[in-house]
Amino acid sequence: MVVNSINFWLFFAATLLPYFLLYKAGSKWQNLWLLLASYFFYGWADWRMLPLLAVTTLIFYGLGIAIGRNTESNPKKAARYKTLGVIIGLGVLVYFKYLGFMVDQFATLFRSWGMNVEESIFSIVMPIGISFFTFKLMSYVLEVNLGNIKPEKDIIKFGTYIAFFPTILSGPIDRPNKFLPQLDISRKIDADNLSEGLKRILWGMFLKMCIADRIAPWTDAVFNNYAHHNGTTIIVASILYLIQMYTDFAGYSDMAIGVARMMGINVAENFKRPFFAQNIAEYWRNWHITLTQWVTDYVFKPLTVSFRDWGQWGIYLATLINFVLIGAWHGANWTFVLFGVYHGLLLILVLALEKKRKKFEKKHNLKKNEFYKWSRRILTFLLCAIGAVLWRSASVGDFFGTMAQIGNGCGGMFTGGFFAILTFAIPSIFVAFVDEWLKEYDKKLRFFHNPNVVVRIVSIALMIAWVIYSGELDGNSFIYFQF
Amino acid sequence: MAIDLGVGFTHSRIFGNLPDKTSMVSTIYYSLFKKSADVLILGSSTANHHYNSKMMEDSLRMSVYNSGLDGRDMIYFDVVLQSTLERQIPKYVILDISSVHLDGSWISRISDTKLYYGQNVPVSNYYDKETDWQQRLKLCSALYRYNKTFSYLIRVKLDAPNVFNGYAPLVGNRENVDLTYYSNFSLDTKELAHLENIIKICKRNNSILILVQSPQASDNLEFDKWIEEYASEQDISLIKENKNSYYFDNPSLFYDGSHLNSQGADILTKRIIEVIKHKIDNNCNN
């Protein structure tokens, strides 16, 4: 049930009405209703995975309470429960997401040594959204152990946090300390929340349906047959694919945030104008923010403490491990690992050159120079576009094959299906860019939030019309559903 | 609502007066609303590129229209035939057929006709009877019906005028064609129902239906067997040009693995003309 489908909206309407009617009954009843709706939603995607979600939720609920009981009296025992939680969380993730891949890799290795290993028949169905809800579960026990939150005694509330339907399939990965307190208060129907939520959903649909889904057929046609395309086509496809990735995932995040907002719940932001970043470090601070923050808080920071004796080299090593994990989180494929290594190395380069850069900027008075800023933005974008090809490639060999095509002449571009991009995606990209530019430079020009009601209504009506007229309306799946 | 009405009004005017060009939307428009002929050619890209309508007209002294369009399936062929009947009953219907027209893989392409929902009876009937309530609900909106049609309009402006009554010759040739065989065919019941409807319409109107399998480098043996048995059961002529080694011995007749070039198309067309002439002779003798 994708958010941009009629089925979802029927489900959402059927959820929302009783949800607000339960306002007077109290937050507990609202949470229970939300939990039931969330399980229904998750079960609609794959009912066979409901027991996994329920059992892991119960285990982590119990672990949270056990940690809470021992935090002061027996911190070592509490730490052991925390470790158990992390092991279970990672174990579930490894079993469902990586075990098949690992078995295949070992089989290939053994075969290369001349051993007779039969073709792998190991096949595990990966639960949808597993990377997102296991990270929420682990984050919960880690936060309880750190003493940042109290263990949650209300199982309904905890279950609602884990299974919350707008975010369970593709994030954002909410932290318990921000999310759980919101479930303590009864959420009443609020015109501001409804209108802001709807505007956010509309913008998400625009990004997804008018840009990402319009670009996808062309980039698929290019990357799936890269050997037949020249350098010009590969370069344009790489740039467009990064835009497609962003609008697909940011579009979903906007819709999830909008749906939650309509229910009176604030979900963490996942993107903040990443294409305006002037270096890779800034890019990752604004791209898939909830994942980056999760890994930074629970992996990078402890690692830098562990490696502190190694000085700057310790930070570089922690950075590399951090990014390999971010890459591998996306899936069981060497391309994702290499994606992490690539971004990790770029970030190390940024860190290593930081002092020299600042000195250079000071000397030439470049800090406020727009040309300098845009040059850095474009460079960062292009470096990320290379990373996007790596991310998109089916294998490492495919990535190098695709890159090799860039050197294979720069003749005319492949134009099959490019018309849809020219007529619909390019104007939409322009609108999205202007919106981000206005926000980046804090301009007062507003459309959806204009103080003049006529401008507001007309701009919203035009956007709805544009989405229906130019968007891909067949409910394509989201790229991040595979994680 | 006002935008929806405005878009509906302007677009219905524009898409109801398209020039006769080789673009997809023009072909759909002329097949559904304008063209009629004694010999109607139905099919996808193989039909579009393989049947020289001008050569057929000159030889048979009958009007010929090639409604072939890339990536279409049996549902589209049925809709086109029904639409043509409203103007003229064709004497001969040539249906260029292959497994992809019946296995459901191209079924979604019928959505390109949704802009004529409410204007063309067979199109409207298809959506009203064979699609779900969600689709019918969406069709209430003109913005939805004309979704992504703006790019079609640009194509209409850029594409060449249609001078061959639907036939689009391909120029270029192959040095070799590797024949590949496979056996994997699953019949889609919805597609089959539309094939049955085409047969029923032809029988009811005394139109002679001729099925043709065009020469293609990849040959689905399971489908070949199925269509042979089916044509025999239904007592329909089936011309198996996909088994004619002449084409494969002369790869220069191919544009690519799936399509003949204009020289290859002329040879295939002559073969069809012979079959039709033979049928005309038979009818005269009877």
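A brief look at the structure comes next. Since the model is a prediction, treat every value here as computed from it, not as a measurement. (Residues numbered from 1 in each chain as written. Chains lettered and ligands numbered in written order. Predicted model: local features only at pLDDT ≥ 70, side-chain atom pairs only at ≥ 80, totals over all residues. Heavy atoms only, no water.)

1. Quick look at the overall build of chain A
Within chain A one finds 18 helices and zero strands. For a compact globule of 483 residues, the expected C-alpha radius of gyration is about 23 Å, and chain A comes in at 24 Å, within 12% of that figure. The principal-axis extent of the C-alpha atoms belonging to chain A is close to 70 × 65 × 55 Å. Per-residue burial for chain A yields a buried fraction of 52% across its 483 residues. Within chain A, residue pairs in contact and separated by at least 24 positions form 76% of the contacts whose partners lie at least 6 positions apart. As displayed, chain A offers around 22,600 Å² of accessible surface, 66% of which is attributable to carbon and sulfur atoms. Distance from the positive charge centre (46 side chains) to the negative charge centre (31 side chains) of chain A: 9 Å. (Helix = DSSP H or I, 4+ residues; strand = E, 2+ residues; numbered from the N terminus. Rg over C-alpha atoms; globule rule 2.2 N^0.38 Å. Buried < 20%, exposed > 50% of the residue type's maximum accessible area, 1.4 Å probe, protein only. Contact = heavy atoms within 4.5 Å. Areas by Shrake-Rupley, 256 points an atom, 1.4 Å probe, with all protein chains shown as cover. Lys, Arg positive; Asp, Glu negative; His and termini not counted. Charge placed at Lys NZ, Arg CZ, Asp CG, Glu CD.)

2. Quick notes on a nonpolar patch on the surface
A surface patch of nonpolar side chains, amounting to about 660 Å² of accessible area, comprises Leu90, Val94, Met102, Phe106, Leu109, Trp113 and Met115 of chain A. Summarising the element assignment, methionine 115 of chain A is placed in the loop between α4 (75–112) and α5 (130–146). (Patch = residues over 30% accessible without salt bridge, like charges linked within 9 Å, V, L, I, M, F, W, Y side chains within 5 Å. Salt bridge = Lys/Arg side-chain N within 4 Å of Asp/Glu carboxyl O.)

3. Here we look at the sheet that holds strand β7 (residues 237–240) of chain B
Residues and elements named next belong to chain B. Pairing in this open sheet of five strands is parallel, and the strands run β2-β1-β3-β5-β7 from one edge to the other. Two strands bound the open sheet, and with one partner strand each, they are β2 (64–66) and β7. On average, each strand axis in the sheet is tilted by 20° relative to the strand beside it, whichever way the strands run. Direction of pairing for strand β1 (residues 39–42) relative to β2: parallel, over a ladder of three bridges. Looking at β2, one finds that valine 39 is bridged to valine 64. (Pairing = 2+ DSSP bridges. Axes fitted to C-alpha atoms, helices over the stretch in contact; angles between N-to-C directions.)

4. Description of the pattern of salt bridges
Two side chains bearing opposite charge may form a pair once their charged atoms approach each other closely. The tally for this structure, following the rule as stated, stands at 31 salt bridges over all chains. Each of the salt bridges in this network shares a partner with another, and the network as a whole consists of Glu143, Arg175, Asp297 and Lys301 of chain A.

5. Examining the interface of chain A and chain B
Contacts between the two partners involve 16 residues from chain A, matched on the other side by 19 residues from chain B. When the buried surface of chain A facing chain B is broken down by residue, Ile6, Phe419 and Tyr469 of chain A rank first, second and third, together holding 45% of it. Counting across the interface, chain A meets chain B through zero salt bridges. Across the chain A-chain B interface, the total number found is six residue pairs in polar contact (both at pLDDT 80 or more). Among the elements that line the side of chain A that touches chain B, the one with the most residues is helix α18 (residues 453–470) of chain A, at six residues. Residue composition of the side of chain A that touches chain B, grouped by class: ten nonpolar, four polar and two charged. (Buried area = accessible area lost by both parts, 1.4 Å probe. Polar contact = N/O pair within 3.5 Å; in protein donor to acceptor, adjacent residues only side chain to side chain. Nonpolar A, V, L, I, M, F, W, Y, C, P; charged D, E, K, R; others polar.)

6. Quick notes on the packing of helix α3 (residues 50–70) of chain A against α5 of chain A
When two helices pack together, their arrangement is given by the angle between the helix axes and by the axis-to-axis distance. Residue and element names in this part refer to chain A. Packing of α3 against α5 leaves a shortest axis separation of 9 Å and a crossing angle of 10°. In terms of orientation, α3 and α5 fall into the roughly parallel class. Judged by residue contacts, Leu52, Leu53, Thr56, Thr57, Phe60, Leu63, Gly64, Ile67 and Gly68 of α3 engage Ile130, Phe133, Leu137, Met138, Tyr140, Val141, Val144 and Asn145 from α5. Considered class by class, the residues forming the contact of α3 with α5 number twelve nonpolar, five polar and no charged. (Parallel < 35°, antiparallel > 145°, perpendicular 65-115°, else oblique.)

7. Regarding the environment of glycine 8 of chain B
All names here are of chain B. Its place among the elements puts glycine 8 in helix α1 (residues 2–15). Glycine 8 gets classed as buried once you look at its relative accessible area, which sits at 13%. Spatially, the C-alpha atom of glycine 8 lies 9.5 Å from that of leucine 115, the residues being 107 residues apart in sequence. Apart from the residues within four sequence positions on either side, glycine 8 is in contact with Ala142 and Tyr146.

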